[in-house]
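Okay, here's what each chain looks like letter by letter:
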Amino acid sequence: MRKTNVIGIMGAMPEEIEGITHLLDDVSVETFGQREYHSGFCKGQKFVVVFSRWGKVAAATTVTTLIHEFGVTEVLFTGVAGAIHPALKVGDVVVGKRFIQHDLDGRPLMKKFEIPLLNQTYLVANETKLEKAKDAVSTVLEDEALHELISDSDLQSFDILQPKLFVGDIASGDQFISSDEVRQNVLDELPGVLCVEMEGASVAQVCFEYGIPLTVIRTISDEANASSVVDFPAFIQSISSVYSVAFVRELYQLK
Ligand code: SAH
């Protein structure tokens, strides 16, 4: 028998989740481990939406519940991240191609960054899902679409001119990176990394182990340096939450 397609959506911020649940009908809420899972339908498709909570353990636990209790067949993670690569600016968006845990170090038993028992360092996104995510993000970031979505004054207040899509490596760790020194360390050790956050690679590990395709879309909220905390709540409210809802609508054709 064919398994019913259930899409799990995890957000790094409660505000983002709220906007996404508003897209759904017949919503029911179940709580497991202090997490509220919102199940509902849109255009006949079932979705389960949940705030991941912050950090690798929290996000891994949340996605495991999505898999076991809700039978999700694919997962989207959407949230904010700090830029590591100098080309990235606040308001740009990264679609993850590979995921690595920058704070994982099992030496001398294994290579630095290698995931115990999996013999892998980078986990790779599903190619088909990646292409779909790229298309969806590009559409949302097109000049006209973007200006319909977000007011000029909100864009200006974060110096967002022409936000760009980047596709590449995302590094996760249990650390909010907000100093030039730590940022530089990540860049030196992992020169291909575009951005850092605290969940993606742990969710990728669980999804890999269960054979579930994962898409990670991250909006750059800060440059992982001393100014990282400035206007964080305002950014979430006026930019990243709006982006996330738009990405979901575009990705799953919910318009
Ligand atoms: N400051 C926030 C707390 C959330 S920050 C608040 O009080 O509302 C943690 C979230 O931001 C995580 O989901 C993490 O993945 C992401 N993030 C954004 N910028 C980051 C950075 N520079 N380093 C690590 N994680 C970052």
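Residues numbered from 1 in each chain as written. Predicted model: local features only at pLDDT ≥ 70, side-chain atom pairs only at ≥ 80, totals over all residues. Heavy atoms only, no water.

*Asks:* Any chance you could explain the overall build of the chain here in plain terms?
*Replies:* Looking only at helices and strands, the chain has 8 helices and 10 strands in total. The buried share of the chain, taken over its 255 residues, is 54%. Of the roughly 11,900 Å² that the chain leaves accessible, carbon and sulfur atoms contribute 51%. Charge separation in the chain, taken as the distance between the mean sites of 21 positive and 36 negative side-chain charges, equals 7 Å. (Helix = DSSP H or I, 4+ residues; strand = E, 2+ residues; numbered from the N terminus. Buried < 20%, exposed > 50% of the residue type's maximum accessible area, 1.4 Å probe, protein only. Areas by Shrake-Rupley, 256 points an atom, 1.4 Å probe, with all protein chains shown as cover. Lys, Arg positive; Asp, Glu negative; His and termini not counted. Charge placed at Lys NZ, Arg CZ, Asp CG, Glu CD.)

*Asks:* I would appreciate a short explanation of the packing of helix α1 (residues 14–21) against helix α8 (residues 232–251) in the present structure.
*Replies:* To characterise two packed helices, one gives the angle between the axes of the helices and the distance between these axes. Packing of α1 against α8 leaves a shortest axis separation of 9 Å and a crossing angle of 40 degrees. Between α1 and α8, the interaxial angle falls into the category oblique. Judged by the sense of rotation from one axis to the other, the crossing of α1 with α8 is right-handed. Here α1 contributes E15, E16, G19 and I20 to the contact with α8, which in turn contributes I236, S240, S241, S244, V245 and V248. Of the residues in the contact of α1 with α8, the class split is 4 nonpolar, 4 polar and 2 charged. (Axes fitted to C-alpha atoms, helices over the stretch in contact; angles between N-to-C directions. Parallel < 35°, antiparallel > 145°, perpendicular 65-115°, else oblique. Left-handed = near helix turned anticlockwise from the far one by under 90°. Contact = heavy atoms within 4.5 Å. Nonpolar A, V, L, I, M, F, W, Y, C, P; charged D, E, K, R; others polar.)

*Asks:* Please clarify how α8 should be interpreted in this entry.
*Replies:* Working note: α-helix, 3.6 residues per turn, so residues spaced by three or four point in the same direction. Where α8 bends most, the angle comes to about 35 degrees, and this point is S240. Among the 20 residues that make up α8, 15 are buried, leaving the element largely enclosed by the rest of the structure. (Bend = angle between axes of the 7 residues up to and from the residue.)

*Asks:* Honestly, the site of the ligand in this entry has me stumped. Any pointers?
*Replies:* Around the ligand sit 18 residues in total, of which I177, E197, M198, E199 and D222 are the nearest. Taking G82, its main chain carries an N or O atom lying 3.3 Å from a nitrogen atom of the ligand. At 2.8 Å from an oxygen atom of the ligand is found a main-chain nitrogen or oxygen belonging to M198. Protein chains shield 82% of the accessible area of the ligand, which is 560 Å² for the free molecule. (Near = heavy atom within 4 Å. Polar contact = N/O pair within 3.5 Å; in protein donor to acceptor, adjacent residues only side chain to side chain.)

*Asks:* I tried to follow the packing of aromatic side chains on my own but got confused; where do I start?
*Replies:* Think of a pair of aromatic rings as described by two things: how far the centres are apart, and how the planes are tilted against each other in angle. Tallied over the entire structure, the rule returns 8 aromatic pairs. Between the aromatic rings of F51 and W54, the centroid separation amounts to 5.8 Å while the plane-to-plane angle is 80 degrees, which identifies the pairing as edge-to-face. Its relative accessible area of 54% is what places W54 among the exposed residues. Here the aromatic rings of F176 and F232 are separated by 6.1 Å at their centres, their planes lie at 80 degrees, and the arrangement is edge-to-face. Of this pair, F176 sits in the loop between β8 (165–172) and α6 (180–189) while F232 sits in helix α8, and the two are 56 residues apart along the sequence. Exposure remark for F232: the relative accessible area of 18% places this residue in the buried category. An aromatic cluster is built from F32, Y37 and F70, whose rings are joined through pairwise contacts. The lysine or arginine in question, R98, covers the ring of Y122, its NZ or CZ lying 3.6 Å from the ring centre. (Phe/Tyr/Trp six-rings, centres within 6.5 Å; stacked < 30°, edge-to-face > 60°. Lys NZ or Arg CZ within 6 Å of the ring centre and 35° of its normal.)

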